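# Fold and geometry: a report
Next come the chains, spelled out residue by residue.
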Amino acid sequence: MNIKEHPAEKTPYPHRWRILFVLLVAMFMSHISISNINVLLPSIQEGIGATQSQLQWILAGYTLTFGMVLIPAGRAGDFFGRRNLFIWGVTIFTVASVWAVLAPDPTILIMARLLQGVGSGLINPQGIGVIQQYFSGAERGRAFGSFGATVGVATAVGPLIGGLIVGLVGVENGWRATIALNIPLGLLAIVMAFLWIPKPAPEDRPQGSLSTQLKHLDTFGVILIGLGVLGVLLPFVESAASALFWLALPAGITIIWLWIRWEKRQEKLDLFPMVKLTAFKISSFRNGVVIGTFYFMGFTSIWVLMALYMQDGLGHTAFAAGIIGLPSAIATAVSSTISGRLVSVYGRKVVIWGIYLAIFGLISTGVVTQLRALDLASEWWLLLTLAFIGIAQGAVISPNHTLTLAEVKAADSGSLGGVMQTGQRMGTSIGIALITAVSFSVLNVASWAVAVSVGILMMLFVLIFVLFVAYADAKPQSKI
């Protein structure tokens, strides 16, 4: 799989690296808001008296709207210009953060978190599209490596920063102070985006009346995919789901099937489809989406299990539970940077090496929890085993982004990047819901060590499937 240079990519934009810096600031802000909320829930409960159901929506509502917006936002960026959509996304996210900080009750905070998810859903596909637009060849791998390093660090240090601020400010208002960190980051990203990201050329701007432009956006397709993603994610967001909520899952799957049929019709008739599904005929894109979706399904749950194991199982503080992932965060940052360079030489083999490291990290983590139950090891050995998982994250996620979009035209990279990220969000939500549900059911009759091991076993089955898919795409010529 050789990455072909598109005509618009032959002459590199001279200021592309500072554009990347703008993207990374926004990505850091977006992803730290996913990870730090876990340790802020007790503070939110103390500060504004949120119920368990409200806490669940504060936690997962962000992911819900995030996933719903990704594909339409990617298409809108491809059409209207990624600069404008990126700035709108950061602005919405920043305003929502101000609203969250000032929230007087849980209902307002839930609404603010939903709006944050919308902003984040606008930001992320533009980031992927801009990297695809301004970087090519080996440089694109390095850019996605920086992207992966930023996301990995934000995800891992979020709980640390949240726990530290709650400890300094106090339980009642610590969550407000933590969320307030988004505000200067957002303002910085907005200013830099206005100054550094170029405006689209006149010929690249949307033409015609507003109604014509909306037709180009495939409004009906937007509605279908939004409802479909909502139906699929909702049962996994609402922890105490009633039968009504679980009816949403088959409805969501049906609506996504209708959306696929609609998009195929739009493309066949040349009527401006939101997503060009013929891209799935490209093996690198198709396999990359499958790898990303199932990797996130089978792997991200480890961090939820470890946080619960450290706090509920062993009685550690939220800050200590955050520290357990610090070496992993450092390992992810280093691994993403190195893998971003290696992917141009070794292609999909880098992803395969990463999956093997993930399998080793999961198995060794399970062994440590079992030895800890027998008083034969300390839980702090997890610092080492989880570091292997951090290396794996850097070796899988960023290179997979690069390879998945390698043969995709830059003009379609926003919408197709949105498809890739939507798969990741669905995989994450489904994986966490199923794996933690099984682990908790085991916990009712066994120890924490056994519950963690059962969860890890489920993750391993999924990763073995991902490994087979990666091998299928690892042809001898699979290099950038």
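The structure we're discussing is the one just above.
Counting starts from 1 at the beginning of each chain's written sequence and moves along it residue by residue. Local features in a predicted model are, by the rule used here, given only for residues with pLDDT of at least 70; side-chain atom pairs are given and counted only at 80 or more, and totals for whole chains, interfaces and linings are based on all residues. Processing note: side-chain calculations cover all non-hydrogen atoms of the structure and skip hydrogens and water entirely.

Here we come to the overall build of the protein. Strands are runs of DSSP state E lasting at least 2 residues, helices are runs of H or I lasting at least 4, and numbering of each runs from the N terminus. Along the backbone of the protein there are 20 helices and 0 strands. Every radius of gyration here is taken over C-alpha atoms, with the globule rule written as 2.2 Å times N^0.38, N being the number of residues. Relative to the compact-globule value of 23 Å for 480 residues, the protein shows a C-alpha radius of gyration of 21 Å, a close match. For the protein, the spread of C-alpha atoms along the three principal axes comes to 65 × 55 × 45 Å. The classification of residues rests on relative accessible area computed with a 1.4 Å probe and restricted to protein chains. Under 20% of the type maximum is buried, over 50% is exposed, and intermediate values are partly exposed. When each of the 480 residues of the protein is scored for burial, the buried share is 56%. Note on areas: Shrake-Rupley, 1.4 Å probe, and residue coverage restricted to the protein chains presented here. In the structure as shown, the protein presents an accessible area of about 19,300 Å², 70% of it carried by carbon and sulfur atoms. For the protein, the distance from the average site of its 29 positive side-chain charges to the average site of its 20 negative ones is 10 Å. Counting rule applied: Lys, Arg positive; Asp, Glu negative; His and chain ends not counted. By convention, the point assigned to a charge is CZ for Arg, NZ for Lys, CD for Glu and CG for Asp.

The next point concerns the packing of helix α3 (residues 52–80) against helix α4 (residues 82–101). It is at 8 Å that the axes of α3 and α4 come closest, and there the two elements cross at 155°. Looking at the two axes, α3 sits roughly antiparallel to α4. Residues Tyr62, Ala76, Gly77, Asp78 and Phe80 of α3 form the contact with α4, whose participating residues are Arg82, Asn84, Leu85 and Phe93. The residue inventory of the contact of α3 with α4, partitioned by class, reads 5 nonpolar, 2 polar and 2 charged. Fitting a line to C-alpha atoms yields each axis, with helices limited to the stretch in contact; the angle taken between N-to-C directions then spans 0 to 180 degrees. Note on angle classes: values under 35 degrees are labelled roughly parallel, values over 145 roughly antiparallel, values of 65 to 115 roughly perpendicular, and the remainder oblique. In what follows, a contact means two residues having at least one pair of non-hydrogen atoms within 4.5 Å. Only Asp, Glu, Lys and Arg are considered charged, only Ala, Val, Leu, Ile, Met, Phe, Trp, Tyr, Cys and Pro nonpolar, and every remaining residue, Gly among them, polar.

Residues Ile44, Ile58 and Phe86 are the most contacted members of the largest nonpolar core, which totals 77 residues. Examining the composition of this core, we find that 9 residues originate from one element, helix α1 (residues 16–35), more than from any other. Here, the term nonpolar core denotes a set of buried Ala, Val, Leu, Ile, Met, Phe, Trp, Tyr and Cys residues that are joined through side-chain atoms within 4.5 Å.

This brings us to the environment of Leu227. Turning to its location among the elements, Leu227 is positioned in helix α10 (residues 219–237). Leu227 sits in the partly exposed class, given a relative accessible area of 44%. The spacing of Leu227 and Ile255 is 28 residues in sequence and 7.1 Å in space, taken between C-alpha atoms.

When we look at a pair of aromatic rings, we describe it by the centre distance and by the angle of the planes. Working definition: rings of Phe, Tyr and Trp (its six-membered ring) pair if their centres are within 6.5 Å, and the pair is stacked with planes under 30 degrees apart, edge-to-face with planes over 60 apart, and tilted otherwise. Tallied over the full model, the rule gives 12 aromatic pairs. Look at Phe220 and Trp262: their rings are 4.8 Å apart centre to centre, the planes differ by 75°, and that puts the pair in the edge-to-face class. Highlighted residues: Phe220 in helix α10 and Trp262 in helix α12 (residues 248–268), separated in sequence by 42 residues. The partly exposed category is assigned to Trp262, whose relative accessible area is 22%. A ring pair is formed by Phe280 and Phe285, whose centres lie 5.0 Å apart and whose planes are at 70°; its orientation type is edge-to-face. One aromatic cluster in this structure is built from Tyr62, Phe66 and Phe93.

Right, let's get into a nonpolar patch on the surface. Together, Leu164, Leu168, Val169, Phe319, Ile323 and Trp380 line one region of the surface with nonpolar side chains, adding up to about 550 Å² of accessible area. Mapped by element, the contributors of at least two residues to the nonpolar patch are α6 (137–169) and α15 (318–323). With 3 residues, the top contributor of residues to the nonpolar patch is α6. With respect to the helices and strands, Phe319 occurs in helix α15. Owing to a relative accessible area of 34%, Phe319 belongs among the partly exposed residues under this scheme. Nonpolar side chains (Val, Leu, Ile, Met, Phe, Trp, Tyr) within 5 Å and like charges within 9 Å form the patches, drawn only from residues with over 30% relative accessible area and no salt bridge. Throughout this description, the term salt bridge denotes a Lys or Arg side-chain nitrogen within 4 Å of a carboxyl oxygen of Asp or Glu.

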